[in-house]
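Analysis of the macromolecular model
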Amino acid sequence: MVGYDPEGRCVSTAEAAVAGSASGLVTRVLVSPLDVLKIRFQLQIEQLSSRNPTAKYHGMLQAVQRIFQEEGLTAFWKGHVPAQILSVGFGAVQFMTFESLTKLMHNFTSFKAQDSLVHLVCGGLAAGAASVAVQPVDTLRTRFAAQGEPKIYLNLRHAVVTMYQTEGPGTFYRGLTPTLIAVFPYAGLQFFFYNILQQFSKWAIPAEAKNGAGVRNLVCGSCAGVLSKSLTYPLDLVKKRLQVGGFEHARAAFGQVRTYGGFLDCVRQMMREEGPGGFFKGLSPSLLKAAFSSGFIFFWYELFCSLLCTMKSPESTQRKEG
């Protein structure tokens, strides 16, 4: 169902955008706590270890307990409003663009829409377009998830006005360069692995067992997310560091803070101060999030597309008329 299917296609580009938005909305609610943990770990300068007395967070369980004790249960959904806007917007643009690009590739080139390499290229381009569209919201989401108590930003409107007045409009696109560098291979590989795993599962699973398509979509999506995230994680971490530039005063309670002059400067400082392992801080919650997020995104997208197809089928139309 993912990508243009000339033989059995029943979902339009607009409907693909609706399905992508809905899948992003549902998935965001479920994975937000892991996202908050990932961002907190990525932004911590100190080593993530109980042997480091200056480190605020040592591991996942300790971080969960500390955030809950200091900030309450709602802290795991900090920045949820901009995060939801991000997920809904990203899902709509990504899947709408992906469907359109795979259709163009199928109709105007010698490649087939369901080829894995087509999904690799079209998935990366679609995610790049979606990233540019929602980057300001992504920056807001990161700021909200990163701030401690007392809050610097009271609500979404206050954050937008404050950032614009104190840092200028360019601040909403902080981290765009590593975002675009990272999102093309990440999303491309995500669609690529999902396509390959789907083809393998259809070959490996007997025809009579294919009524478990939903579980297959979930498992294939989760595996695709873990594989693609593992290969592109350092770029995501650098993006998060750049997005909180100019926001150092709100990070004082979390430990050391750094100011970076750009993408290359951030990489140099991290390599010098934190070593190669610094580029993989927060990898554990990130992989968990990638597994759940990617699995749910493809699961819900396929499900919503199937529902839309069912609603448009002749049998459904006849039932409504009867």
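What you see is a predicted model, and the numbers here were worked out from it, not measured in a lab.

Here we look at the overall build of the protein
Helix and strand counts for the protein come out as 10 helices and 0 strands. When the elements of the protein are put in sequence order from the N terminus, they spell out α-α-α-α-α-α-α-α-α-α. A compact globule built from 322 residues would reach a C-alpha radius of gyration of about 20 Å, and the protein, at 21 Å, matches this within 12%. Counting only C-alpha atoms, the protein reaches 65 × 40 × 40 Å along its principal axes. A burial count over the protein gives 49% of its 322 residues as buried. The long-range share in the protein, meaning contacts at least 24 apart out of those at least 6 apart in sequence, stands at 78%. Within the structure as shown, the protein displays about 14,900 Å² of accessible surface, and the carbon and sulfur contribution to it stands at 66%. One finds the centroid of the 31 positive side-chain charges in the protein at a distance of 4 Å from the centroid of its 21 negative side-chain charges.

A short note on the UniProt feature "repeat: Solcar" (unreviewed entry) in the protein
The residues that UniProt annotates with the feature "repeat: Solcar" (unreviewed entry) are residues 11–104, 114–200 and 212–307. Secondary structure within residues 11–104 divides into 72% helix and 0% strand; the distance between the first and last C-alpha atoms comes to 16 Å. Strand forms 0% of residues 114–200 and helix 78%; the C-alpha atoms that close the span are 13 Å apart.

Section: the packing of helix H1 (residues 13–43) against helix H3 (residues 80–108)
Here H1 crosses H3 at 145 degrees, and the two axes come no closer than 7 Å. In this structure, the crossing between H1 and H3 has a hand that is right-handed. From H1, Thr 13, Ala 16, Ala 17, Gly 20, Ser 21, Ser 23, Gly 24, Leu 25, Arg 28, Val 29 and Ser 32 reach across to H3, where they touch His 80, Ala 83, Gln 84, Leu 86, Ser 87, Val 88, Gly 91, Ala 92, Phe 95, Met 96, Glu 99 and Ser 100.

Here we look at the side chain of Gln 44
Tracing the sequence through the fold places Gln 44 in the loop between H1 and helix H2 (60–71). The exposure class assigned to Gln 44 is buried, which follows from its relative accessible area of 2%. Polar contacts involving the side chain of Gln 44 include one to the main-chain carbonyl oxygen of Glu 46, which spans 3.3 Å.

Some points on the packing of H1 against helix H9 (residues 283–312)
Between H1 and H9, the shortest axis-to-axis distance is 8 Å and the interhelical angle comes to 165 degrees. On the basis of their axis angle, the class for H1 and H9 is roughly antiparallel. Crossing of H1 over H9 shows right-handed handedness. A breakdown of the residues in the contact of H1 with H9 according to their chemical character gives 19 nonpolar, 6 polar and 5 charged.

Observations concerning the pattern of salt bridges
Here the structure, examined in full by the defined rule, presents 18 salt bridges. For Asp 35, the salt bridge identified is with Lys 38, shortest N-O distance 3.6 Å. Residue Asp 35 and its partner Lys 38 are both found in helix H1; the two are separated by 3 residues, about one turn of the helix. On the basis of relative accessibility, which here comes to 3%, the residue Lys 38 falls in the buried class. A salt bridge links Asp 35 to Lys 289; the shortest N-O distance between them is 3.1 Å. Note that Asp 35 is positioned in helix H1 and Lys 289 in helix H9, a separation of 254 residues in sequence. Both residues of the pair, Asp 35 and Lys 289, belong to the buried class. Salt bridges sharing common partners tie together Arg 28, Asp 35, Lys 38, Asp 138, Arg 141, Lys 229, Asp 236, Lys 239, Lys 240 and Lys 289.

A look at the nonpolar core
In this structure, Val 2, Phe 98, Phe 191, Tyr 194 and Tyr 301 are the most contacted members of the largest nonpolar core, which totals 21 residues. The set of elements that each furnish at least two residues to this core consists of H1, H3, helix H4 (116–146), helix H6 (176–204), helix H7 (213–243) and H9. When near neighbours in sequence (up to four residues on either side) are disregarded, Tyr 194 contacts Val 2, Asn 217, Cys 220, Gly 221, Ala 224, Phe 298 and Glu 302. Listed in part, the 9 residues of the second largest apolar core include Tyr 233, Leu 237, Tyr 260 and Met 270.

Focus on H4
A rise of 1.5 Å per residue sets the reference length of H4, with its 31 residues, at 45 Å; its end C-alpha atoms lie only 37 Å apart and thus fall more than 12% short of the reference. Taking the largest bend as the criterion, H4 deviates by roughly 65 degrees, centred on Val 134, and proline Pro 136 comes between one and four positions later.

Focus: the environment of Phe 172
By the element assignment, Phe 172 lies in the loop between helix H5 (156–167) and H6. Looking at Phe 172, the relative accessible area reads 10%, which means it is buried. With 43 residues separating them in the primary sequence, Phe 172 and Val 215 have C-alpha atoms 38 Å apart. When near neighbours in sequence (up to four residues on either side) are disregarded, Phe 172 contacts Gln 135, Pro 136, Thr 139, Leu 140, Val 160, Met 163 and Tyr 164.

Thoughts on the environment of Arg 143
Here Arg 143 is to be found in helix H4. Using a relative accessible area of 0% as the deciding quantity, one classes Arg 143 as buried. In terms of polar contacts, Arg 143 uses its side chain to reach the side chain of Glu 167, at 3.0 Å.

What counts as what
What you see as residue numbers is a count from 1 along each chain, following the sequence as written. Only residues with pLDDT of 70 or above have their local features reported here, since the model is predicted, and side-chain atom pairs are shown and tallied only from 80 upward, although totals for entire chains, interfaces and linings are computed over all residues. With hydrogens and water excluded, all non-hydrogen atoms of the structure serve as input to the side-chain values. Helical segments are the DSSP runs of H or I of at least four residues, strand segments are the runs of E of at least two, and each set is numbered from the N terminus. Put simply, the radius of gyration uses C-alpha atoms, and a globule should come to 2.2 Å times the residue count raised to 0.38. A simple rule labels every residue: compare its accessible area, found with a 1.4 Å probe on the protein chains alone, to the largest value its type can have, and call it buried under 20%, exposed over 50%, or partly exposed in between. In what follows, residue pairs with any heavy atoms lying within 4.5 Å of each other are defined as contacts. Using the Shrake-Rupley algorithm and a 1.4 Å probe, accessible areas are obtained, with residue cover drawn only from the displayed protein chains. As used throughout, the charge tally considers Lys and Arg to be positive and Asp and Glu to be negative, leaving His and the chain termini uncounted. By convention, the point assigned to a charge is CZ for Arg, NZ for Lys, CD for Glu and CG for Asp. UniProt positions are given in the numbering used here, feature names are shortened, and annotations may be inferred rather than shown by experiment. Under this scheme, a helix contributes an axis fitted over its contacting stretch, all axes are lines through C-alpha atoms, and angles between N-to-C directions fall in the 0 to 180 degree range. If you view the pair so one helix is near and one far, a crossing is left-handed when the near helix is turned anticlockwise from the far one by less than a right angle, and right-handed when it is turned clockwise. N or O atoms within 3.5 Å of each other form a polar contact, as long as, within protein, one can give a hydrogen and the other can take it, and as long as residues adjacent in sequence are counted only when both atoms are side-chain atoms. Angle categories are assigned with fixed cut-offs, so that under 35 degrees is roughly parallel, over 145 is roughly antiparallel, 65 to 115 is roughly perpendicular, and the rest are oblique. Any residue that is not Ala, Val, Leu, Ile, Met, Phe, Trp, Tyr, Cys, Pro, Asp, Glu, Lys or Arg is counted as polar, Gly included; the first ten are nonpolar and the last four charged. Take a side-chain nitrogen of Lys or Arg and a carboxyl oxygen of Asp or Glu: if they are within 4 Å of each other, that pair is a salt bridge. Residues grouped as a nonpolar core are buried Ala, Val, Leu, Ile, Met, Phe, Trp, Tyr and Cys residues, joined through side-chain atoms within 4.5 Å. By definition here, a helix of n residues has an expected span of 1.5 Å times n minus one. Fitting axes to the seven residues ending at a residue and to the seven starting there, one defines the bend at that residue as the angle between these axes.

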